[in-house]
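Per-entry structural report
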Amino acid sequence: MTTPIKIDFVSDVSCPWCAVGLNALETALKNIGAEAAPALHFQPFELNPNMGPEGQDITEHIAQKYGATPEQQEQSRAMIRQRGADVGFDFAMGKRSRIYNTFDAHRLLHWAGMQGADLQRALKHALFTAYFTEGEDPSSHAVLQAAAVKAGLDAEGAAAVLASDRYAAEVRAAEQFYQGQGINSVPAVIINDRHLISGGQPAELFERALRQIMAGA
């Protein structure tokens, strides 16, 4: 018997724990296999909605926002690198020197979701790779369009979305909805509109939680 599962993955493309969490969630779903029929939707969350177009030095930004010293930041990066490696994701921390505005990335993801769930998922992975592995600027329209093409999306369609303000209202509405639901940190993984799994958890935890939810469905 196959159990349908709705999964809303609330996240930002500049959030390293979101990349870890997505890969861990996918590992859990792979382990569950045909027992589940997941419908995975990516929902927007901006860690830095007021970030200017020039971005900010990441060490400076984390010190200002969280009060973390350079030594604490390096310890955190080492932990993230290891957690990424555990789930098959490569964090090239030396290439990522700035934090950027991600609103246009969310608009593009919204459009990708209208083209198909698999395409949206492929774009999400391409954006994580562009920023965390290749050190590229996820606010750059050229970077976003290249990620769309890599994900199998239409280049001209992506360019048209980016050149406009299309889906801005939809993204803002979704952000406000999840904030209104009490989501103030990401990743936030919401199962069947009822169950919340917070943070970039290990695959084992995702699998255990999903199996428990499926058993009670």
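The structure reproduced in this document is the subject of the present report. Quick caveat, the model's predicted, so the values are computed rather than measured. (Residues numbered from 1 in each chain as written. Predicted model: local features only at pLDDT ≥ 70, side-chain atom pairs only at ≥ 80, totals over all residues. Heavy atoms only, no water.)

Some thoughts on helix α3 (residues 70–86)
What counts, and what does not: Put simply, DSSP H or I for four residues or longer makes a helix, DSSP E for two residues or longer makes a strand, and each gets a number counted from the N terminus. For a helix, the expected span equals 1.5 Å multiplied by the number of residues minus one. Contacts were defined at the residue level, with two residues in contact if any of their heavy atoms lie within 4.5 Å.
Here α3 contains 17 residues, and its C-alpha end-to-end distance of 24 Å stays within 8% of the 24 Å for a straight helix at 1.5 Å per residue. Here the buried face of α3 lies against α1 (16–32) and α2 (58–66). Following α3 by one or two positions, G88 adopts a phi angle in the positive range, close to 85 degrees.

Comments concerning the pairing of strand β2 (residues 36–44)
Under the convention used in this document: The rule for pairing is simple: two strands pair if DSSP sees at least two bridges between them. Call a crossover right-handed when, viewed with both strands pointing away from you, the route from the first strand across the helix to the second goes clockwise.
Alignment of strand β1 (residues 3–11) against β2, held across 9 bridges, turns out to be parallel. Of the residues in β2, the one forming a bridge with F9 is F42. For the crossover from β1 across α1 to β2, the handedness is right-handed.

A closer look at the packing of α1 against helix α9 (residues 203–216)
Counted only if it meets this: Axis angles are defined between N-to-C directions and span 0 to 180 degrees, where every axis is a line fitted to C-alpha atoms and, for a helix, only to the segment in contact. Angle categories are assigned with fixed cut-offs, so that under 35 degrees is roughly parallel, over 145 is roughly antiparallel, 65 to 115 is roughly perpendicular, and the rest are oblique. Two helices crossing with the near one rotated counterclockwise from the far one by less than a right angle form a left-handed crossing, whereas a clockwise rotation gives a right-handed crossing. Classification convention: Asp, Glu, Lys, Arg as charged; Ala, Val, Leu, Ile, Met, Phe, Trp, Tyr, Cys, Pro as nonpolar; all other residues, Gly among them, as polar.
For the pair α1 and α9, interaxial distance at closest approach is 8 Å and the crossing angle is 55 degrees. Taken together, the axis directions place α1 and α9 in an arrangement best described as oblique. In this structure, α1 meets α9 at a crossing whose hand is right-handed. Of α9, the residues touching α1 (which contributes G21, A24, L25, T27, A28, L29, N31 and I32) are A203, F206, E207, L210, R211 and M214. Taken together, the residues of the contact of α1 with α9 sort by class into 9 nonpolar, 3 polar and 2 charged.

Observations concerning the sheet that holds β2
Strand order in the open sheet formed by 4 strands is β2-β1-β5-β6, and the pairing between neighbours is mixed. In the strand order of this sheet, the two ends are held by β2 and β6 (195–198), each with one partner. Looking at each pair of strands side by side, their axes are set apart by 20 degrees on average, direction ignored. Across 4 bridges, strand β5 (residues 188–191) lies against β6 in antiparallel orientation. When the bridges of β6 are listed, A188 appears paired with S198. Contacting β1, β2 and β5, α1 crosses the sheet at an angle of about 170 degrees to β1. α9 rests against β1, β2, β5 and β6 of the sheet, and its axis sits at about 175 degrees to β6.

Some points on the packing of aromatic side chains
Counted only if it meets this: Stacked, tilted and edge-to-face are the three classes applied to pairs of Phe, Tyr and Trp rings, where Trp contributes its six-membered ring and a pair requires centres within 6.5 Å; stacked means planes under 30 degrees apart, edge-to-face means over 60, and tilted covers the rest. Burial classification: accessible surface area is computed with a 1.4 Å probe over protein chains only, and a residue below 20% of its type maximum counts as buried, one above 50% as exposed, and the rest as partly exposed.
On inspection of all chains with the given rule, the structure shows 7 aromatic pairs. Consider the rings of F128 and F132, whose centres lie 6.2 Å apart with planes at 40 degrees: the pair is tilted. Note that F128 and F132 are positioned in helix α5 (residues 117–133) at a spacing of 4 residues, about one turn of the helix. Relative accessible area serves as the criterion here: at 1%, F128 is assigned to the buried category.

Considerations on unusual backbone geometry
For the bond running from V186 to P187, omega is 5 degrees, close enough to zero to count as cis. Along the polypeptide, P187 turns up in the loop between α8 (168–180) and β5. Positioned with a positive phi, N192 is a non-glycine residue whose angle comes to about 55 degrees. Mapping N192 onto the fold places it in the loop between β5 and β6.

Structural notes on the layout of surface pockets
Selection criterion: With a 1 Å grid laid over protein atoms only, a set of points is called a cavity when a 1.4 Å probe fits there but cannot get out and a pocket when it is open yet has protein on both sides within 12 Å along at least five of seven lines; lining residues have an atom within 4 Å of a point. Grid points are joined across faces, edges and corners, and a volume is the space filled by probe spheres set on the points.
Its boundaries defined by the atoms lining it, the largest pocket holds a volume of some 480 Å³. Counting residues per element, the ones that place at least two in the lining of the largest pocket are α1, α2 and α3. Its residues assigned to classes, the lining of the largest pocket shows 11 nonpolar, 8 polar and 3 charged.

Thoughts on the pattern of salt bridges
The line we're drawing: In the sections that follow, a salt bridge refers to a side-chain nitrogen of Lys or Arg positioned within 4 Å of a carboxyl oxygen of Asp or Glu.
Throughout the structure, instances matching the rule amount to 9 salt bridges. Close ionic contact of D193 with K6 constitutes a salt bridge, the shortest N to O distance being 2.8 Å. Remark: K6 occurs in strand β1 and D193 occurs in the loop between β5 and β6; sequence separation between them is 187 residues. Among the residues examined, K6 registers a relative accessible area of 30% and is labelled partly exposed. Here E26 ties to R121 by a salt bridge, and the two come within 2.7 Å at their closest N and O atoms. Here R121 lies in helix α5 and E26 lies in helix α1, a separation of 95 residues in the sequence. Linked through salt bridges whose partners overlap, the residues forming this network are K6, D8 and D193.

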